[in-house]
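Structure at a glance
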Amino acid sequence: MIAQDILEKIKPGSRVKVYEGTTPFEGLVLARKHGHQEGATFTVRSTVAGVGVEKVFPIHSPVITKVQVLSSPKKIGRSKLYWVRKASGAKIRQRLGVSL
């Protein structure tokens with residue numbers, strides 16, 4: 001179960017590292033859906049070997065052992081950052097002000 005203070009920091013544009021067991025997956029949060037309901041999820045995108053990879057993590061999953069919020073943006077103009085899928089790394093850094 002993810003702690004309440006960490007859940008508040010997981011928002012679109014944040015850089016997070018999610019541990020499923022001992023395996024970490026680090027990336028940019030694109031979306032957070034369904035608030036704190038049972039089916040609530042957040043989507044994390046990363047580039048692995050030059051290919052974009054997205055994972056959808058359920059918030060209430062017992063498989064997630066730890067979530068670290070590495071950085072959080074000051075202000076984001078959208079609640080879903082799906083435009084990141086088509087943008088280059090330089091364009092993303094320019095608009096979000098975070099490193100990838």
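Analysis parameters
- Sequence order as written defines residue numbering, which begins from 1 separately in each chain.
- Reporting of local features is limited, given that this is a predicted model, to residues whose pLDDT is at least 70; pairs of side-chain atoms are given and counted only at 80 or more, and all residues count toward the totals for whole chains, interfaces and linings.
- Hydrogens and water molecules were not included; the side-chain quantities draw on all heavy atoms of the structure.
- Secondary structure elements follow DSSP: runs of H or I no shorter than four residues count as helices, runs of E no shorter than two count as strands, and numbering proceeds from the N terminus.
- Polar contacts, as counted here, are pairs of nitrogen or oxygen atoms within 3.5 Å of one another; within protein the pair requires one atom able to donate a hydrogen and one able to accept it, and residues that are adjacent in sequence qualify only if both atoms are side-chain atoms.
- Here a salt bridge means any side-chain nitrogen of Lys or Arg lying within 4 Å of a carboxyl oxygen belonging to Asp or Glu.
- Side-chain rings of Phe, Tyr and Trp, where Trp is taken by its six-membered ring, are said to pair if the distance between their centres is within 6.5 Å; with planes under 30 degrees apart they count as stacked, over 60 as edge-to-face, and otherwise as tilted.
- Each residue is assigned to one of three classes by its accessible area relative to the maximum for its type, calculated with a 1.4 Å probe on protein chains only: buried under 20%, partly exposed between the two thresholds, exposed over 50%.
- Any pair of residues with heavy atoms lying within 4.5 Å of one another is described as a contacting pair.
- By nonpolar core is meant a set of buried Ala, Val, Leu, Ile, Met, Phe, Trp, Tyr and Cys residues that side-chain atoms within 4.5 Å join together.

**A look at the side chain of Ser46**
- By the secondary structure assignment, Ser46 is in strand β3 (residues 41-48).
- A polar atom in the side chain of Ser46 sits 3.0 Å from the backbone oxygen of Glu26.

**With respect to the pattern of salt bridges**
- Throughout the structure, instances matching the rule amount to 5 salt bridges.
- Note that Arg15 and Glu26 form a salt bridge whose closest N and O atoms lie 3.2 Å from each other. Residue Arg15 is located in strand β1 (residues 15-20), and its partner Glu26 is located in strand β2 (residues 23-33); the two are separated by 11 residues in the primary sequence.
- A single salt-bridge network, built from bridges that share partners, covers Arg15, Lys17 and Glu26.

**So, the packing of aromatic side chains**
- For the structure on display, the rule yields 2 aromatic pairs.
- Pairing Phe25 with Phe57 gives two aromatic rings, centres 6.2 Å apart and planes at 55 degrees, and the pair type is tilted. One end of the pair, Phe25, is in strand β2; the other, Phe57, is in strand β4 (residues 51-58), with 32 residues separating them in the sequence.
- For Phe57, a relative accessible area of 2% gives the class buried.
- Within the aromatic cluster, the residues linked to one another by ring pairs are Phe25, Phe42 and Phe57.

**Observations concerning the environment of Lys33**
- Looking at where Lys33 falls in the secondary structure, it is placed in strand β2.
- In this structure the C-alpha to C-alpha distance between Lys33 and Ser79, which are 46 residues apart in sequence, comes to 9.5 Å.
- Those residues in contact with Lys33 that sit more than four places away from it in its chain are Ala40, Thr41, Lys80 and Tyr82.
- Polar contacts involving the side chain of Lys33 include one to the side chain of Tyr82, which spans 3.4 Å.

**A closer look at the nonpolar core**
- Counting 15 residues, the largest nonpolar core has Ile2, Ile10, Val18, Phe42, Val44, Phe57 and Val67 as its most contacted members.
- Counting only elements with at least two residues in this core, the list comes to α1 (4-9), β1, β2, β3 and β5 (64-71).
- Setting aside residues up to four positions removed in sequence, Phe42 forms contacts with Ile2, Ile10, Val18, Ala31, Arg32, Lys55, Val56, Phe57 and Ile59.
- With 6 residues, the next largest nonpolar core counts Leu28, Leu30, Leu81 and Ile92 among its residues.

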